[in-house]
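# Structural overview
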Amino acid sequence: MKEVAELLNAMRDAGVISAYALFGAIAQMRYTEGVVTLDTDVLVSLPSSEGLDALKPIYEFCAARGYKPEGEAIRIGAWPVQFIPVFSPLTQEALEQAEIADFDGIPFRVVRADHLAVIALSVGRAKDNARILGLLESGSVTTDQVARTAQRHGLADAWVRFEKRFLHG
Amino acid sequence: MDDKVRKLLERQAEWQKSRAKLSWAEKVRMVEAVRESMAALRRSWRSSVSSRPETNNLDGRPSPDGEPHAP
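It should be emphasised that the depicted structure is a prediction, and the values quoted were computed from it without experimental measurement. (Residues numbered from 1 in each chain as written. Chains lettered and ligands numbered in written order. Predicted model: local features only at pLDDT ≥ 70, side-chain atom pairs only at ≥ 80, totals over all residues.)

## Details of the overall build of chain A
Broken down by element type, chain A carries eight helices and seven strands. The C-alpha radius of gyration of chain A comes to 16 Å, within 12% of the 15 Å expected for a compact globule of 169 residues. On the principal axes, the C-alpha backbone points of chain A span a range of 55 × 35 × 25 Å. Here chain A, with 169 residues, has 37% of them falling under the buried criterion. For chain A, long-range pairs separated by at least 24 residues make up 66% of all intrachain contacts whose partners lie at least 6 apart in sequence. (Helix = DSSP H or I, 4+ residues; strand = E, 2+ residues; numbered from the N terminus. Rg over C-alpha atoms; globule rule 2.2 N^0.38 Å. Buried ≥ 20, exposed ≤ 12 C-beta atoms within 10 Å, placed from the backbone. Contact = placed C-beta atoms within 7 Å.)

What follows is the structure, given as structure tokens:
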């Protein structure tokens, strides 16, 4: 994972991407106990996202360093890494407000716990519901924080449903 | 519930919570180790089933990928 952190920082320093932040299961583990996952998800913003192949500069940057595509991801060390351009105001905010964590001495940008919870809420699969519960149980985020972030992004109703089903049921 | 069992479950819950207190890097390394074990297990499973003449699904039909699947 250290290799992933170094590559992402280098990619940003070279101007290939404007910013990045880890999200998904690997980001969740910063706040909760470990969860088994097959890949690493990275939110990215690109200097120019026009055109059909917005991720091409990322693939070229990786290929020049010997990292090869693997399905929808790029294999970096032990991890297939999926690059996902920000796709909504919620993910844009999550990227902008990401925190800089320390990963074995390497700065690594990670989405905040409330954004992780609300992104999970917006997706709504069983494992996303489990992610929200894990984040709440870890104490890294409160129900009020999730409610506020959900409200800002038009997910207030989804949050009320989640609370009824899993917290007040 | 038996008091012994309740205490065992409490200790187990505490142990599980303590894993969340590991550093982020340690948790990621733990997951990497689990993934490697799973991959090794899968490889050994594949090689053991490929040495058999035919692998059947759990309902007795031949399995197309050499691994048994529940019906």
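Past the structure itself, the notes keep going.
## Considerations on the pairing of strand β1 (residues 19-23) of chain A
Looking down a regular strand, the side chains alternate between one sheet face and the other. Residues and elements named next belong to chain A. Within β1, four of the five residues are buried, which leaves it mostly tucked inside the rest of the structure. When β1 meets strand β2 (residues 40-45), the two strands line up antiparallel, connected through five bridges. Following the sheet pairing, A21 is matched in β2 by L43. (Pairing = 2+ DSSP bridges.)

## What about the interface of chain A and chain B?
Contact with chain A, which involves 14 residues of that partner, is made by 11 residues of chain B. Here the residues of the side of chain A that touches chain B sort into seven nonpolar, four polar and three charged. (Nonpolar A, V, L, I, M, F, W, Y, C, P; charged D, E, K, R; others polar.)

## Topic: helix α2 (residues 24-50) of chain B
Each α-helix winds once per 3.6 residues, and so residues spaced three or four apart point in a common direction. Over its 27 residues, α2(B) runs 39 Å from end to end, which matches the ideal 39 Å to within 8%, given 1.5 Å per residue. In this structure, the buried side of α2(B) is in contact with α2 (24-28) and β6 (99-103) of chain A. (Expected span 1.5 Å × (residues − 1).)

## Side note on the pairing of strand β4 (residues 73-76) of chain A
Residues and elements named next belong to chain A. Side chains I74 and I76 project from β4 onto a buried face, and the interleaved A73 and R75 project onto a face without burial. Looking at chain direction, strand β3 (residues 69-70) and β4 are connected through two bridges and run antiparallel. Pairing of P69 across the sheet is with I74, part of β4. Connecting β3 to the next strand, β4, in antiparallel fashion are two residues, including G71 with a positive phi near 65 degrees.

## What about the packing of helix α4 (residues 89-96) of chain A against helix α5 (residues 113-123) of chain A?
Residues and elements named next belong to chain A. Orientation of α4 relative to α5, taken along the N-to-C sense of each, is 160 degrees, at an axis distance of 10 Å. Relative to α5, α4 is oriented roughly antiparallel. In terms of crossing hand, the pair formed by α4 and α5 is left-handed. Contacts between α4 and α5 pair L90, T91, E93 and A94 from the former with H115, V118, I119 and S122 from the latter. For the contact of α4 with α5, a count of residues per class yields four nonpolar, three polar and one charged. (Axes fitted to C-alpha atoms, helices over the stretch in contact; angles between N-to-C directions. Parallel < 35°, antiparallel > 145°, perpendicular 65-115°, else oblique. Left-handed = near helix turned anticlockwise from the far one by under 90°.)

## Section: the domain arrangement of chain A
Residue and element names in this part refer to chain A. Segmentation of chain A into domains returns domain 1 (2-111) and domain 2 (115-167). The C-alpha centroid of domain 2 is placed 23 Å from the C-alpha centroid of domain 1. Among the secondary structure elements, those contributing two or more residues to the side of domain 1 that touches domain 2 are α2 and α4. When residues of the side of domain 1 that touches domain 2 are assigned to their parent elements, the largest contribution, five residues, is made by α4. Split by residue class, the side of domain 1 that touches domain 2 holds seven nonpolar, four polar and one charged. (Domains from an automatic or database assignment.)

## Brief notes about the nonpolar core
Most often, soluble globular proteins keep nonpolar side chains buried together rather than apart. Residue and element names in this part refer to chain A. Counting residues in hydrophobic clusters, the biggest one holds 53 residues, and the most contacted among them are A21, L43, V111 and A117. With seven residues, the single largest contributor to this core is α5. Each of domain 1 (2-111) and domain 2 (115-167) gives at least three residues to this core. Filtering out sequence-adjacent residues up to four positions away, A117 remains in contact with I132, L135, V141 and V146. (Core = buried A, V, L, I, M, F, W, Y, C linked by C-beta atoms within 7 Å.)

## With respect to the environment of R19(B)
Mapping R19(B) onto the fold places it in helix α1 (residues 3-20). Along the chain, R19(B) and V5(B) lie 14 residues apart, while their C-alpha atoms are 21 Å from each other.

## A short note on α5(A)
Residues and elements named next belong to chain A. Most of α5 is tucked away: nine of the 11 residues are buried. Taken together, the buried positions of α5 are occupied by A113, D114, H115, L116, A117, V118, I119, A120 and L121. Buried residues along α5 sit against β1, α2, α4, α6 (126-138), α7 (143-152) and α8 (156-167). Just beyond α5, the residue with positive phi is G124, at close to 80 degrees.

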